[in-house]
There are 2 protein chains.
Amino acid sequence: MKKEPEFCQFQEALGILVGKWKPVILVHLLNDGTQRFSVLKRKMPGITQRMLTKQLRELEDEDIIQRVIYPEIPPKVEYSITEYGRSLEPILEAMHEWGSSHVARKQAEEPGAQEEKLS
Amino acid sequence: MKKEPEFCQFQEALGILVGKWKPVILVHLLNDGTQRFSVLKRKMPGITQRMLTKQLRELEDEDIIQRVIYPEIPPKVEYSITEYGRSLEPILEAMHEWGSSHVARKQAEEPGAQEEKLS
DNA sequence: GCCATTGGTACCCTCGAGGGAACTATACCA
DNA sequence: TGGTATAGTTCCCTCGAGGGTACCAATGGC
């Protein structure tokens, strides 16, 4: 598996994951399974309808999630991870793990001001 | 390892990896070891001095890479991955792998469209 | 008639990442 | 005396991601 930087495909994965809400959306769908729009929205305090719709559309366009519309009134739309989207899990897993230790490290670094700097 | 979305740490990893040139820089340093500024720049066609400096500084601020200045004229500055930066490798690895299959998938999807991408 | 519900869309704005171009310092070389 | 090399910095600009607000359609409940 040669990684030639000129052709590295990180950007492909990054391009899909980058988006303020995308990773969060994916985790919700991965953890809790199929969910409708309003439920998803309630689980993400701070997000607006506009943004949620936008991020969901982008993920759908990449075939990462699936959108099912039920012809009811009021509308009912359910989102779920696709098989393909599930293949992103290792990346999310790796990032979550790294992120956790990164946070721990940062907290250990600056507990207040200076501590064991005395040599 | 519970992943609570409210507290998910993806953003930590993403925040460090996001940046048009950061993954590429990291791969170069991971693959080829310590390198000076000009060499790095030559390996990244299209990047400007300004941008390379900026991205390197940001990675340095996060303790992902190390900067060593030799007091010579003309200046000599060498960059290398830190131990800590090396811990990002699994993520890059996972993203590269996923990205590669993603590209393959896209090409299989639209056989007539993408051609000159193989250059 | 009036309102709530659900999943959107349309319009407009802000802010920062990315980037282009020019300038800097210092020493060596011809 | 001017040119070259290296690693920057400064100033200014563009463009798009993100976001705020308002509006819509169709139905059921009072």
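Residues numbered from 1 in each chain as written. Chains lettered and ligands numbered in written order. Predicted model: local features only at pLDDT ≥ 70, side-chain atom pairs only at ≥ 80, totals over all residues. Heavy atoms only, no water.

As annotated in an unreviewed UniProt entry, chain A carries the name Transcriptional regulator, HxlR family and is attributed to Marinococcus luteus.

Asker: Account for the interface of chain A and chain B, naming residues and giving values.
Answerer: Listed as interface residues are 41 residues of chain A and, on the opposing side, 44 residues of chain B. When chain A packs against chain B, the two sides together hide about 4100 Å² of surface, and 67% of this comes from carbon and sulfur. Applying the counting rule to chain A against chain B returns three salt bridges. For B:Asp63, the salt bridge identified is with A:Arg105, shortest N-O distance 2.2 Å. Here chain A is connected to chain B by seven residue pairs in polar contact (both at pLDDT 80 or more). Elements represented by at least two residues in the side of chain A that touches chain B include exactly α1 (10–17), α2 (22–32) and α6 (89–109) of chain A. No other element matches the 14 residues that α6(A) contributes to the side of chain A that touches chain B. Each residue belonging to the side of chain A that touches chain B can be placed in one class, and the counts come to 22 nonpolar, nine polar and ten charged. (Contact = heavy atoms within 4.5 Å. Buried area = accessible area lost by both parts, 1.4 Å probe. Salt bridge = Lys/Arg side-chain N within 4 Å of Asp/Glu carboxyl O. Polar contact = N/O pair within 3.5 Å; in protein donor to acceptor, adjacent residues only side chain to side chain. Helix = DSSP H or I, 4+ residues; strand = E, 2+ residues; numbered from the N terminus. Nonpolar A, V, L, I, M, F, W, Y, C, P; charged D, E, K, R; others polar.)

Asker: Can you lay out the relation of the copies chain A and chain B for me, pointing to particular residues and giving the numbers?
Answerer: Mapping chain A onto chain B leaves a residual RMSD of 0.0 Å; the transformation is a rotation of 180 degrees accompanied by 0.0 Å of translation along its axis. This pairing of chains is accounted for by a two-fold axis. Among all C-alpha atoms of chain A, that of A:Ile91 lies closest to the rotation axis, at 3.1 Å. Interface residue correspondence from chain A to chain B reaches 98%, placing this contact among same-surface, isologous pairings. (Least-squares fit on C-alpha atoms with pLDDT ≥ 70 in both.)

Asker: Mind laying out the protein's contact with DNA strand D, listing which residues take part and the relevant values?
Answerer: Near DNA strand D you find 22 residues, and of these A:Lys20, A:Arg50, B:Arg67, B:Pro75 and B:Tyr79 are the closest. For DNA strand D, the fraction of atoms within 4 Å of the protein that belong to sugar or phosphate moieties is 64%. Within the contact set of DNA strand D, a phosphate oxygen lies 2.3 Å away from a side-chain nitrogen or oxygen of A:Lys20. Residue B:Tyr79 places a side-chain N or O atom 2.8 Å away from a phosphate oxygen belonging to DNA strand D. Secondary structure elements with two or more residues in the surface near DNA strand D: α4 (49–61) of chain A together with α3 (37–42), α4 (49–61) and β3 (76–81) of chain B. A breakdown of the residues in the surface near DNA strand D according to their chemical character gives eight nonpolar, six polar and eight charged. (Near = heavy atom within 4 Å.)

Asker: Run through the protein's contact with DNA strand C, naming residues and quoting values.
Answerer: DNA strand C sits among 22 residues. The nearest are A:Arg67, A:Tyr79, B:Lys20, B:Arg50 and B:Ile73. The sugar-phosphate share of atoms of DNA strand C within 4 Å of the protein amounts to 66%. A:Arg50 places a side-chain nitrogen or oxygen 3.4 Å from a base nitrogen of DNA strand C. One of the side-chain N or O atoms of A:Arg57 is found 3.2 Å from a sugar or linking oxygen in DNA strand C. Its residues placed into classes, the surface near DNA strand C shows eight nonpolar, six polar and eight charged.

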